[in-house]
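Now for the letters of each chain:
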Amino acid sequence: MRDAASDPAALEPLERLRVQRSRLADRMRPPWWYLTGIAIMYALVFAVPFTSRYLGLSIWPIFAAALTVACLLQWGMTRATGIKVGFRNLRYPPAGRPVRIAIVAVSVGAIVTEHFLIDRGLIVAAIAVAALAVVAEVAATQAALRGIRQELRAGGGAA
Amino acid sequence: MTAKPDPLIHPITRLSICGLLAAGADWVEFAALRDAAGISDSVLSKQSRVLEDAGYVEVRKGAVGRRPRTWFRLTAEGHQAVQGHLAWLAQLEEAFSASTRDVQQARPIPGDRDQPHRVLPPLLGST
C-alpha cells in the first residue's frame, strides 16, 4: 500500500463506499403492504378497550394476533428489502430514539384515554382517539424507518 | 479500535462488501449486497468466499420455496478489521484535505483579490 496522504486516488474507495451505502439505505423503503399491515396491527391493539368492554374478550388473544401480524410484517419486510435489522433496544437507531419512545407513549396514552372515555359513555370520542393513535403510530413507524435509513447511510458510526 | 490498514480488505470490491456489511444491518441478502455494491454475482461469490475463509464474513444459506437465498454478515473479527481500515482511510482523507488546504493558502490564484494572502514579515534592516 503506497503512501496515500498525497494520492487523491486512494480516497476514491471511501467516496464510493458512501454512494454504495446510500444505495443500500434506499432499499430500506417500506412497501405499501407494510404500512397497511402496521395500521391493521395498531388497530387491533387500540380495539382492545372496546372488545374487552362490549364483547367481553380477554386482551391476550388480541395481543397475540397483533404480535403475529408484527412478526409476519417483519419477516416480509426482510424478504422484500434483503436487509435484516433486528430489534436492539429503544435507543436504536440513535436518530429515531425519540420516535421509539413516542410509539410506546402514544400506545399507553391512547389505551388509557379510550378506557376513560368509554367509562363515561363517550364512544365516538374513544373511536376518534383510537383512529388518531393508529395514524400517529404509522407516522412514527415511518420516522423510525427513516432513522434506520439514515443510520445505514452514515455507516452505523463507521467512517 | 486502532486505525490500521488491512491488506485483505484493501481491494476495492472487498472493501465495498465489508463496508456495506458494517453499515448497521444484521444480515444482508446476496442480491441486496450485489446491487448496492454494483458488482456481478460471480465477483460477489468469489470475494465473499475469500472473506469467509479469512473469518471476516459469516454466510448463511437457505431457501424461500425453490429459490436459494444467501445471507451475509460480518463476524466480530471482521467488524474490528473493517472499523480499523475505515478509520485509517478517514485519517488519510483528513490528511489529504489538510494538505490541499495548505497548498491553496500558500499559492493564491493570481488576480484573485478575495483569496487570503500570507503577510510576510518585514526584512531585517529594511525601512
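Residues numbered from 1 in each chain as written. Chains lettered and ligands numbered in written order. Predicted model: local features only at pLDDT ≥ 70, side-chain atom pairs only at ≥ 80, totals over all residues. Heavy atoms only, no water.

Asks: Would you mind going over helix H2 (residues 30-37) of chain B with me for this structure?
Replies: One turn of an α-helix holds 3.6 residues; hence residues three or four places apart share an orientation. Of all the positions in H2 of chain B, only Phe 30, Ala 32, Leu 33, Ala 36 and Ala 37 of chain B are classed as buried. Looking at the buried positions of H2 of chain B, the neighbouring elements they touch are helix H1 (12-26) and helix H4 (59-81) of chain A together with helix H1 (12-21), strand S1 (27-29), helix H3 (41-53) and strand S3 (67-74) of chain B. Looking one or two residues beyond H2 of chain B, the residue adopting positive phi is Gly 38 of chain B, at roughly 70°. (Buried < 20%, exposed > 50% of the residue type's maximum accessible area, 1.4 Å probe, protein only. Helix = DSSP H or I, 4+ residues; strand = E, 2+ residues; numbered from the N terminus. Contact = heavy atoms within 4.5 Å.)

Asks: I tried to follow the confidence of the model for chain A on my own but got confused; where do I start?
Replies: Low pLDDT marks stretches whose predicted atomic positions should not be read closely. Averaged over every residue, the pLDDT of chain A is 84; the share at 70 or more is 84%. Within chain A, helix H3 (residues 48-55) of chain A has the poorest average pLDDT of any element, 86, and helix H2 (residues 32-46) of chain A the best, 92. (pLDDT = per-residue confidence, 0-100.)

Asks: Got a minute to help me understand H1 of chain B in this structure?
Replies: Among the ten residues in H1 of chain B, nine count as buried, and that is most of the element. Three or more residues of H1 of chain B are buried, namely Thr 13, Arg 14, Leu 15, Ser 16, Ile 17, Cys 18, Gly 19, Leu 20 and Leu 21 of chain B.

Asks: What should I look at first to understand a nonpolar patch on the surface in this one?
Replies: All names here are of chain A. A cluster of nonpolar side chains, namely Tyr 54, Leu 55 and Leu 57, defines an oily patch on the protein surface of about 330 Å² accessible area. Within the fold, Leu 55 resides in helix H3. By relative accessible area, Leu 55 is classed as exposed at 62%. (Patch = residues over 30% accessible without salt bridge, like charges linked within 9 Å, V, L, I, M, F, W, Y side chains within 5 Å. Areas by Shrake-Rupley, 256 points an atom, 1.4 Å probe, with all protein chains shown as cover. Salt bridge = Lys/Arg side-chain N within 4 Å of Asp/Glu carboxyl O.)

Asks: How do you make sense of the pairing of S3 of chain B when you look at a structure like this?
Replies: Along any regular strand the residues' side chains alternate between the sheet's two faces. All names here are of chain B. Where S1 lies against S3, two bridges are found, and the strand directions are antiparallel. If you follow Glu 29 over to S3, its bridge partner there is Trp 71. Across eight bridges, the pairing between strand S2 (residues 57-64) and S3 is antiparallel. By the bridge assignment, Val 59 is partnered in S3 with Phe 72. Taking the residues that link successive antiparallel strands as the turn, the S2-S3 hairpin has two residues, and the phi of Gly 65 there is positive, at about 70°. (Pairing = 2+ DSSP bridges.)

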